Amino acid sequence: MSNGSDIILERMMALHPKVIDLTLDRMWRLLDALGNPQDRLPPVIHIAGTNGKGSTQAMIRAGLEASGAKVHAYTSPHLARFHERIRLAGTLITEQALTETLDRCYVANDGADITYFEITTCAALLAFAETPADFTLLEVGLGGRLDATNVMTPKLSIITPVDLDHQQFLGETLPEIAGEKAGIIKRGVPCIVGPQQDDAMDVIERTAMRIGAPLFAYSQHFHVTEEHERLIYQDETSLLDLPLPSLPGPHQIQNAGAVLAALRHLGADELACEAAMTQASWPARMQRLTQGRFVDQAGTAEVWLDGGHNPAAANAIAATLARLPDRPTHLICGMLNTKDVAGFMKPLSGLAASLTACSIPGEKNTLPAETTAAAAKDAGLPATTADTVEMAIDAIIATEPNARILICGSLYFAGHFMRENQ
């Protein structure tokens, strides 16, 4: 049975023939028709980057909420339900509020061309403007410069690590992609920059200088290291000795550096910084699952979930796996045909015992399971295919009952798994 929001979201899919069409003209038109809610938001923290946006947002939210702040948060895509994208003052938007807000946007748009992401972003901004809160965390959907979220002046901008992804929309080279991400930088607005490759950092620095935005960069203005299983953060005014992030993986220590720089800039105290490390949760990012029908099916095997889908994400997965207790790791992988499948496989080839490829159900841009398996074999991974995740798990535990099973390759595949695991 469909909810009211599902019906409206389906209608919205038909308003523009292209899923991605980067321009802000349609956003400005609809926002104007809605009374320009983007000008009435609680102070905005705007987050762009290729990897780590969601984890960074989750840690900042945990820190701010621990200090008593009410925090709006916008993220995409969702995993199981659309409602996950919009968090109002700390709580996921209700079905009634979502349906009413979507309907107002649909009526105000009056049948004009607009993409699904644009009109749903307008709905989020409208809900944020009409709900009291202390901060608004906005995660960029794609790129930055022409992303639908880039319609306001934030209190703080953050650029997480930039890497190759979405080249068909953002440019073929790292500097081109960094230029799009740097499009969120605004005159006079401080920008926190996570670790970057030199080519990307050059572009970000030039953009900030041209626009007149103060830059606070990883390894220049703040430093973060792991020492004796603690996280040490240092900037020009602070030295913090904190627990390691609750989000697993060595890459989260680098993400935590930008988080702590942001929290210190916003005036958060050490208790809030500690909460950012210990209280953040972010689903489908090297998440160990402990309940659900697939977990029950797996028996004594561990079940992990990660939605990362590009070579940098695969490197992060590999680094996390390398630090976990020794256990045979078997991958169940579904990917989109827009991704660098060979680049994703390469970092995992030495760490996994096998890969079982699946097509992503209901996703027209899925890479066929056979293609995914062929890419895995080319990377040196023993690979096979399965029609369903259920069949893949059965095949793995039949020969390796104590396996570590990692579902990976795409947020869409992770979302399908989470819906089916309930």
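Everything quoted here is computed from the prediction, not taken from an experiment.

### Considerations on the sheet that holds strand β9 (residues 222-227)
Spatially, 3 strands are ordered β9-β10-β11 in an open sheet, and the strand pairing comes out antiparallel. Lying at the two open borders of the sheet, with one neighbouring strand each, are β9 and β11 (239-243). Pairs of neighbouring strands in the sheet enclose a mean axial angle of 20°, with direction left out of account. Of the strand pairs in this sheet, strand β10 (residues 230-235) and β11 are connected by 5 bridges, and their pairing is antiparallel. Counterpart to I232 in the pairing with β11 is D241. Sitting on the sheet, helix α10 (residues 270-278) is in contact with β10 and β11, with an inclination near 35° to β11.

### Brief notes about the packing of aromatic side chains
The full count for this structure, using the stated rule, is 5 aromatic pairs. Look at F82 and Y116: their rings are 6.3 Å apart centre to centre, the planes differ by 80°, and that puts the pair in the edge-to-face class. Highlighted residues: F82 in the loop between β2 (71-74) and β3 (86-88) and Y116 in helix α5 (residues 116-129), separated in sequence by 34 residues. Relative to F222, the ring of Y218 lies with its centre 6.1 Å away and its plane at 80°, an arrangement referred to as edge-to-face. F222 sits in the buried class, given a relative accessible area of 1%. Sitting over the face of the ring of Y106, R11 holds its NZ or CZ atom 5.1 Å from the ring centroid.

### A short note on unusual backbone geometry
With glycine set apart, most residues show a phi of negative sign, and most peptide bonds adopt trans. Residue P77 is reached from S76 by a cis peptide bond, and omega for that bond is -10°. Even without being glycine, A89 reaches a positive phi, approximately 45°. Of the residues examined, A89 reaches a relative accessible area of 22% and is grouped as partly exposed. Phi at A284 is positive, roughly 65°, even though this residue is not glycine. Note that A284 resides in the loop between α10 and β12 (287-289).

Each value, and the rule that gives it
- Residues numbered from 1 in each chain as written.
- Predicted model: local features only at pLDDT ≥ 70, side-chain atom pairs only at ≥ 80, totals over all residues.
- Heavy atoms only, no water.
- Pairing = 2+ DSSP bridges.
- Helix = DSSP H or I, 4+ residues; strand = E, 2+ residues; numbered from the N terminus.
- Axes fitted to C-alpha atoms, helices over the stretch in contact; angles between N-to-C directions.
- Contact = heavy atoms within 4.5 Å.
- Phe/Tyr/Trp six-rings, centres within 6.5 Å; stacked < 30°, edge-to-face > 60°.
- Buried < 20%, exposed > 50% of the residue type's maximum accessible area, 1.4 Å probe, protein only.
- Lys NZ or Arg CZ within 6 Å of the ring centre and 35° of its normal.

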